[in-house]
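# Residue-level structure breakdown
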Amino acid sequence: MACAAALSGLLAGFASLAVAELVSAAVRPESGPVTAVGGAVIDRTPSGVKDWAVQTFGSADKVVLLGGILVLLALFGIALGLLALRYRRAASAGVLVFGVVGAVAAAGRPDGSATDAIPSVVGAMAGAAVLYLLAGRLTAGSAAEETGGPKDRQRTAAGFDRRGFVAAAAATAAASAGAGVLGRRLNASSGAEAAASRSGIVLPRPASPAGAVPAGADLKIDGLSPFTTPNSDFYRVDTALVVPKVDATTWKLRIHGRGVRRELELTYDDLLRRDLVERDITLTCVSNEVGGPYVGNARWIGVPLADLLREAGVRAPSAGGPADQLVARSVEGMTFGSPVETVLDGRDALLALGMNGEPLPFRNGFPVRMVVPGLYGYVSACKWLTELELTTFDDYDVYWVKRNWAREAPVKTQSRIDTPKPFATPSPGTVRVAGVAWAQHRGVDRVEVRVDDGPWRAAELAAEHSADTWRQWVWDWPATSGRHRLEVRATDGKGRTQTAERVGTIPDGATGWHSVVVNVA
Ligand SMILES: Nc1nc2c(c(=O)[nH]1)N[C@H]1C(S)=C(S)[C@@H](COP(=O)(O)O)O[C@H]1N2
Ligand SMILES: [Mo]
C-alpha cells in the first residue's frame, strides 16, 4: 500500500513534468519548470558556490544541477504520495505548490515573462489531478471520511482495488510518457528555423584577413594544447540551461543609450555586408583556476565594434563622451559591461559572426557575440547578443557585478603546464615540459620553469602570433629519478612577471603559479 502510494506521488510528478514540457513547447523551451528552476537556482547561487560547481563538475555542471532538481522532485513526489493515503486533498494541493515554485522561477528569469508561468501551472494541475485520482483508488476509505459514507469505509478495510490502481497507474505513466516525448520533440524542433538560418550562411572573405599563424607558433608537442583550439574542444561557460537557438534572419541588434547621436538597428545581413575583419584572439574565463581549462584560442571573423559605435556617434570618455560603460545584452537577458574606453582604444574588439571558419556554433553565441581581447569573458564576451547600451558604471550594474564580481576585469597574466600531466611517471632523461601562457593584449615575453624550488630556467617560446593570443612554450628538463615539482611563471609584454601570490577566482581572476608534481621512474 505504501509502495503504491509512493508510486502515485512519483507518477503525479512525472505527469506534471511531462504536461509542462508539452505546454512549454507552445510557450518557449526555456519556460519548462525544471529548466526555469535550474536557471533561478543559477541566478541565486552565491558566486563562490557557482565557481566551485564550474570547477568541480566542469561542463557537466548543468547536468548535475538538473539531476539534483529531479531527485528532489522525486522525493517530494514520494512524500506527497504517502501523505495522500491520509490527506488526499491536501497532498494533491501540495503538487500545486510545486507548480507555483516553477511558475515563479520561470516568470522571474532575467528574460522571463508572465506567460512563462503557464507550463508549470498547467503541469501542476495535471499532476494534482493524477495524485487525487490515483490516491482515490488506494483510499476509497479516506474519501469516505470526507463524505462520511459508511459503505466506503468497509471497502477500505477490505483493502484497495489493486487491479483498478494498476490499470490507472499504467495509463497515467503511458499518457505522461507520450506527452513528455511529444513535448521534447516539439521543443527540439523549435530550433529548426535557427538551424536552417545558420546552415544558409556563407561568411564572406574578410576585408582584413588575419595574418598567417607563423609556423613556429605551434610546437606540435604531444599533450600540448594546439595553437588554435578546434570548436569542438572550445570551453563553454554560461548560465543557459537551454542553448538559445536564434534565427539569424529575424535577429536584430540595437545600439542606443547615453551619448548615442544616431541609434542603430542592424540585421545579420547588415553586418555581413560590412567590411569584416578576421583575428586570432584568446578568450579566458574569470572562473579559470590556476592551471584550469577555461581558456581557448580561436580565429574569429566579425565587425569591428569601435567602427559601429563611432557611427552611432559614441565618443570615448577621454574624448568627452558621457558613457563609460558599454552594456551588452543577450537574448536570454544576460548583461555584460565593458569599459567604453577599452573598446575604443584601438584593440580588435569584435562583434564576431564566425569562429574558426564557420558561423558561430550555437553554444558559442550564434548568430553574434562580442569578443574583446584582454578582457575576461564575463565583462565582454556576450553570446547571443541583441542589444548594446551606452551607460555608466555608476548607473548600472550588470549580471555578474550584482553577484560580487568586479566591475572591470582585464585578463591576468597566466601560464599553464600542459605536459607532463600531474603524477605522470616519465623516465629519467630529457622530458619535454610544455604549456601555454597568456596575457591578452600585452603579450607574453618570457616563460620560466623551475624544479623543486630550484633556479628559474628560461623556457623556449614559440613564435609570437600577436599580443592577443596565447603563446606556447617548452623546456627540456634533464629529469632525474624521484618525485619532483615543476612550476611555471610568465612575464607579460610590459615586463611584469606573474605574481606567486595565490588568490581565488572571485572577484577578478585567480593568480599564482601553476605547478605539477611528477614521479620520475
Ligand atoms: N549570453 C551569455 N553570454 C556569455 C555568458 C553567459 O552566461 N551568457 N558567459 C560568459 C562567460 S563567463 C565566458 S567566459 C564566455 C565563454 O564563452 P564560450 O562559452 O564561447 O567559451 O562567454 C561569456 N558570454
Ligand atoms: Mo567566464
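Reference entry: report on the structure contained in this document. (Residues numbered from 1 in each chain as written. Chains lettered and ligands numbered in written order. Predicted model: local features only at pLDDT ≥ 70, side-chain atom pairs only at ≥ 80, totals over all residues. Heavy atoms only, no water.)

### Quick look at the sheet that holds strand 5 (residues 325-330)
If you trace the five strands from one edge of the open sheet to the other, you get 2-1-10-5-6, paired in mixed fashion. Looking along the sheet, the strands with just one partner apiece sit at the ends: strand 2 (264-267) and strand 6 (335-339). Each strand of the sheet is rotated relative to its neighbour by a mean of 15°, with strand direction disregarded. With four bridges joining them, strand 1 (residues 252-257) and strand 10 (residues 385-391) adopt parallel strand pairing. If you follow His-256 over to strand 10, its bridge partner there is Glu-389. (Pairing = 2+ DSSP bridges. Helix = DSSP H or I, 4+ residues; strand = E, 2+ residues; numbered from the N terminus. Axes fitted to C-alpha atoms, helices over the stretch in contact; angles between N-to-C directions.)

### Points about the pairing of strand 1
The sheet contact formed by strand 1 and strand 2 spans four bridges and is antiparallel. What sits directly across from Leu-253, in strand 2, is Leu-266.

### What to know about the sheet that holds strand 13 (residues 444-451)
Spatially, the four strands line up as an open sheet ordered 14-13-17-18, and their pairing is antiparallel. In this open sheet, the two edge strands, each paired with only one partner strand, are strand 14 (457-458) and strand 18 (514-520). Here strand 13 pairs with strand 14 via two bridges, running antiparallel. Paired with Val-449 across the strands is Arg-457, a residue of strand 14.

### Some points on the layout of surface pockets
Estimates place the volume of the second largest pocket at around 320 Å³. Lining the second largest pocket are 25 residues; nearest its centre among them are Leu-17, Pro-33, Leu-73, Phe-98 and Gly-99. Looking at the lining of the second largest pocket, the elements with two or more residues in it are helix 1 (2-27), helix 2 (33-44), helix 4 (61-84), helix 5 (88-107) and helix 6 (118-138). Split by residue class, the lining of the second largest pocket holds 17 nonpolar, eight polar and no charged. (1 Å grid on protein atoms, 1.4 Å probe; cavity = no way out; pocket = protein on both sides within 12 Å on 5 of 7 lines; lining within 4 Å. Points joined across faces, edges and corners; volume = space filled by probe spheres on them. Nonpolar A, V, L, I, M, F, W, Y, C, P; charged D, E, K, R; others polar.)

### Description of the site of ligand 1
Around ligand 1, a shell composed of 20 residues is seen, among which Tyr-235, Asp-238, Asn-364, Arg-369 and Lys-383 lie nearest. For ligand 1, a nitrogen atom lies 3.0 Å from a polar atom in the backbone of Val-237. One of the side-chain nitrogen or oxygen atoms of Asn-364 is found 2.8 Å away from an oxygen atom of ligand 1. Within the complex, 99% of the 530 Å² of free accessible area of ligand 1 lies under protein. Across the shell around ligand 1, the residue classes break down as eleven nonpolar, four polar and five charged. (Near = heavy atom within 4 Å. Polar contact = N/O pair within 3.5 Å; in protein donor to acceptor, adjacent residues only side chain to side chain. Areas by Shrake-Rupley, 256 points an atom, 1.4 Å probe, with all protein chains shown as cover.)

### A closer look at the packing of aromatic side chains
The final tally for this structure, using the stated rule, is eleven aromatic pairs. Note on Tyr-378 and Trp-405: the rings are 5.8 Å apart at their centroids and 55° apart in plane angle, and the pair reads as tilted. One end of the pair, Tyr-378, is in the loop between strand 9 (369-371) and strand 10; the other, Trp-405, is in the loop between strand 10 and strand 11 (414-419), and 27 residues separate them in sequence. By the burial criterion, Tyr-378 is buried, and Trp-405 matches it. Arranged with centres 5.1 Å apart and planes meeting at 80°, the rings of Trp-456 and Trp-513 form a pair that is edge-to-face. Highlighted residues: Trp-456 in the loop between strand 13 and strand 14 and Trp-513 in the loop between strand 17 (482-492) and strand 18, separated in sequence by 57 residues. The exposure class assigned to Trp-513 is buried, which follows from its relative accessible area of 13%. These aromatic residues form a ring-pair network of at least three members: Phe-234, Tyr-235, Tyr-294 and Trp-300. Lying over the aromatic face of Tyr-132, Arg-88 brings its terminal NZ or CZ to 3.8 Å of the ring centre. (Phe/Tyr/Trp six-rings, centres within 6.5 Å; stacked < 30°, edge-to-face > 60°. Buried < 20%, exposed > 50% of the residue type's maximum accessible area, 1.4 Å probe, protein only. Lys NZ or Arg CZ within 6 Å of the ring centre and 35° of its normal.)

### Observations concerning empty space enclosed by the protein
What the rule picks out here adds up to three cavities of 30 Å³ or more. Lining the largest cavity we find 13 residues, and of these Glu-30, Arg-109, Asp-111, Ala-240 and Glu-332 sit closest to its centre. For the lining of the largest cavity, the class distribution of residues is six nonpolar, two polar and five charged. As for the second largest cavity, its lining consists of Thr-284, Cys-285, Val-286, Asn-288, Glu-289, Val-290, Gly-291, Tyr-376, Gln-414, Trp-438, Gly-509 and Ala-510.

### Observations regarding the side chain of Arg-198
One can find Arg-198 in helix 10 (residues 192-199). By relative accessible area, Arg-198 is classed as buried at 17%. Among the polar contacts listed, one links the side chain of Arg-198 to the side chain of Glu-358, at a separation of 2.7 Å. In this structure Arg-198 touches Glu-358, Pro-359, Leu-360, Pro-361, Phe-362 and Phe-366, once residues within four positions along its chain are discounted. (Contact = heavy atoms within 4.5 Å.)

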